[in-house]
Amino acid sequence: MRVLVIGGGIGGLAAAIALRRAGLEVSVFERAPELREVGAGLTLWTNAVKALRQLGVGPGVESLAAPLATSEIYTWNGKPIGTLDLGALSAQLGAPTIGIHRADLQSALAAHLPSGVVHLGMTCEGYVQDAGGVTARFAGGREERGDLLIGADGLLSAIRRQLLNDGPPRYAGYTGWRGVGHIDHPAVPVGKTLLFVGRGSQAGLLPIGRGRVYWFATANVPAGGADPPGGRKTSLLERFADWYSPVPAFIGGTDESAILRNDIVDRPPVRTWGDGRLTLLGDAAHPTTPNLGQGACQAIEDAVVLAKALRELGDPVAGLRAYEDRRRDRTAMITKRSWQLGKMLTWESKFGNWLRDTMFRRSRGLMVKQTAKLIGVEV
C-alpha cells in the first residue's frame, strides 16, 4: 500500500517514519526546494519525546536539544510569580522535556528516511479520489497515485482547503516576533525556560542546545500589520526597552534579518478531518496557538497514532477514521486551552494583570497537576 504524504515539515516527516515502520510504502511531497526551518525553536514536552522514542528517533533528537529542568514565570519587570519543576516531572513521567531548534528536529527526522522518499519542489494543488485510491495533483501538471493521502501541509493546507473550504485561520488578537540568540546571560542558564507577562504583551526565552536561546515576544496589535520604517529590531527594542534585562538583551543581540514576525492564529476545532482515503495531520488538522507549546508535539503524536490505527484495523479507510476518532478530543482540548491561556497572558487592564499574576502565585500545585496530566499521555 502506497501512502502519499503532502508536506515535509515535522508532522509529515514523523508520519513518514511511522508509516514506514508499519510496513507501508511512503512518498513525501514538499513544496519548498529544500528542507529548511529558520529562526525558531520549540519545546518538545515529555509526551512528544516518548512518541519520538517509539519512532526510533528519540536519542538522535535528544542529543541535539537542551534538557529543561525548570520553567519560571515572571512579571514584565522580573518579579517571580510561578515555577514549574520540569526535572521532577520528567523523572515522574519517564522522559524529559527539551528545547530544540526546528531545523535540528527536521534534519534529525529527515535523516531517518532513505533517499528517494522525500520529493522537494512539489506544490500540491489538490487531489482526486475514487474507490481504488487517491491522485495528488501538483503544479506543473504532475500527478502521483497512492492508496492513501495524508495532508500534512500545514496551516494553509491545500488538502484542507479542498476538503473543508473553511476559510482563513482565526487571529488570536496578538502578533509574535521571534528569533535565536547566542548571548550568555546569567538569567538564562542551560535548563531554564522563562516567561515574562505584562500588559497586553508577553515574552519568553527557551534554551535550544549548542549555546543558543530561542526568544519570542508578542503584542496586542491589529492583524496584518507591518513594522515601522525604522526597522523591526529598533521598534521591538522600543516596545520592550523597560522589560527585565534578558528580554531586550536577546532582541538586541539578534540580527535584523533573523527576526521573524507572524500573526498568531489557529482554527477552531472541527469534527471532520478526512474523507474516504484521505485525512489531515498536524497543523493541517488542528492548528493551535503556541501558548502550551504543543503544536509540534501533537503532530508527532498524530504520526504515531495514525500508523498504529492503520496497522491494527487492516482496512485502510477504517484505519483513517479510527485515527481521527482517537485524536480529535485531545487535540480539540489543547487548542481550546491554548487559546484561553493566550487570552489571559495578554490581558491589558491593571486588574486583569493583578488577577493573572495572583492566580499564578497561588496555583502552583494545580499547575503541576494540569501539566502532568497534559504531558503524561503516552500514545
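Residues numbered from 1 in each chain as written. Predicted model: local features only at pLDDT ≥ 70, side-chain atom pairs only at ≥ 80, totals over all residues. Heavy atoms only, no water.

**Some words on the pattern of salt bridges**
Two side chains of opposite charge can pair, provided their charged atoms sit close to one another. This structure, assessed with the given rule, holds 23 salt bridges. Close ionic contact of Glu312 with Arg326 constitutes a salt bridge, the shortest N to O distance being 3.0 Å. Within this pair, whereas Glu312 is found in helix α9 (residues 295–313), its partner Arg326 is found in helix α10 (residues 316–345), the two being separated by 14 residues in sequence. (Salt bridge = Lys/Arg side-chain N within 4 Å of Asp/Glu carboxyl O. Helix = DSSP H or I, 4+ residues; strand = E, 2+ residues; numbered from the N terminus.)

**Description of the packing of helix α1 (residues 10–21) against helix α5 (residues 102–110)**
Following both chains from N to C, one finds α1 and α5 inclined at 25°, their axes separated by 9 Å at the closest point. Comparing their axes, α5 and α1 come out roughly parallel. When you trace α1 past α5, the crossing you get is left-handed. Contacts between α1 and α5 involve Ile10, Leu13, Ala14 and Ile17 from the first element and Arg102, Leu105, Gln106, Leu109 and Ala110 from the second. (Axes fitted to C-alpha atoms, helices over the stretch in contact; angles between N-to-C directions. Parallel < 35°, antiparallel > 145°, perpendicular 65-115°, else oblique. Left-handed = near helix turned anticlockwise from the far one by under 90°. Contact = heavy atoms within 4.5 Å.)

**Some points on the pairing of strand β7 (residues 98–101)**
Across a regular strand the side chains alternate sides, sitting on one face of the sheet and then on the other. Residues of β7 alternate between two faces, with Ile98 and Ile100 on one and Gly99 and His101 on the opposite face, all of them buried. Across four bridges, strand β3 (residues 41–44) lies against β7 in antiparallel orientation. In the sheet register, Thr43 faces β7, and the bridge partner there is Gly99. Note: strand β4 (residues 66–67) against β7, two bridges, orientation antiparallel. By the bridge assignment for β7, Pro67 is matched with Ile98. (Buried < 20%, exposed > 50% of the residue type's maximum accessible area, 1.4 Å probe, protein only. Pairing = 2+ DSSP bridges.)

**Thoughts on the packing of helix α4 (residues 86–93) against helix α12 (residues 364–375)**
With their axes 11 Å apart at the nearest point, α4 and α12 run at an angle of 45° to one another. Taken together, the axes of α4 and α12 lie oblique to each other. Seen along the crossing, α4 lies across α12 with a hand that is right-handed. Here α4 contributes Leu89, Gln92 and Leu93 to the contact with α12, which in turn contributes Val368, Thr371, Ala372 and Ile375.

**Re unusual backbone geometry**
Apart from glycine, the bulk of residues carry a negative phi angle, and the bulk of peptide bonds sit in the trans form. Backbone geometry at Asn165 places phi at a positive 50°, although glycine is not the residue there. Position of Asn165 among the secondary structure elements: in the loop between α6 (158–164) and β13 (170–181). Note on Asn165: relative accessible area 60%, which makes it exposed. In the Ramachandran plot, Arg210 falls in the positive-phi region, its phi being about 55° despite a non-glycine side chain. With respect to the secondary-structure elements, Arg210 resides in the loop between β15 (201–209) and β16 (212–219). Note on Arg210: relative accessible area 61%, which makes it exposed.

**Focus on the packing of aromatic side chains**
Tallied over the full model, the rule gives nine aromatic pairs. Judged by centre distance (5.0 Å) and plane angle (45°), the rings of Phe29 and Phe138 are tilted. Placement of Phe29 in strand β2 (residues 25–30) and of Phe138 in strand β10 (residues 133–138) is noted, with a sequence separation of 109 residues between them. Both residues of the pair, Phe29 and Phe138, belong to the buried class. Among the aromatic residues, those joined into a cluster by ring pairs are Tyr74, Phe196 and Tyr244. Over the ring of Trp339 we find Arg170; its NZ or CZ atom is 3.6 Å from the centre of that ring. (Phe/Tyr/Trp six-rings, centres within 6.5 Å; stacked < 30°, edge-to-face > 60°. Lys NZ or Arg CZ within 6 Å of the ring centre and 35° of its normal.)

**Things to note about the pairing of β2**
In terms of burial, β2 is a largely internal element, five of the six residues being buried. As paired elements, strand β1 (residues 2–6) and β2 share five bridges and run parallel to each other. Bridging across to β2, Val3 finds its partner in Val26. Where the polypeptide runs from β1 across α1 and back to β2, its parallel neighbour, the crossover connection is right-handed. (Right-handed = clockwise from strand over helix to strand, strands pointing away.)

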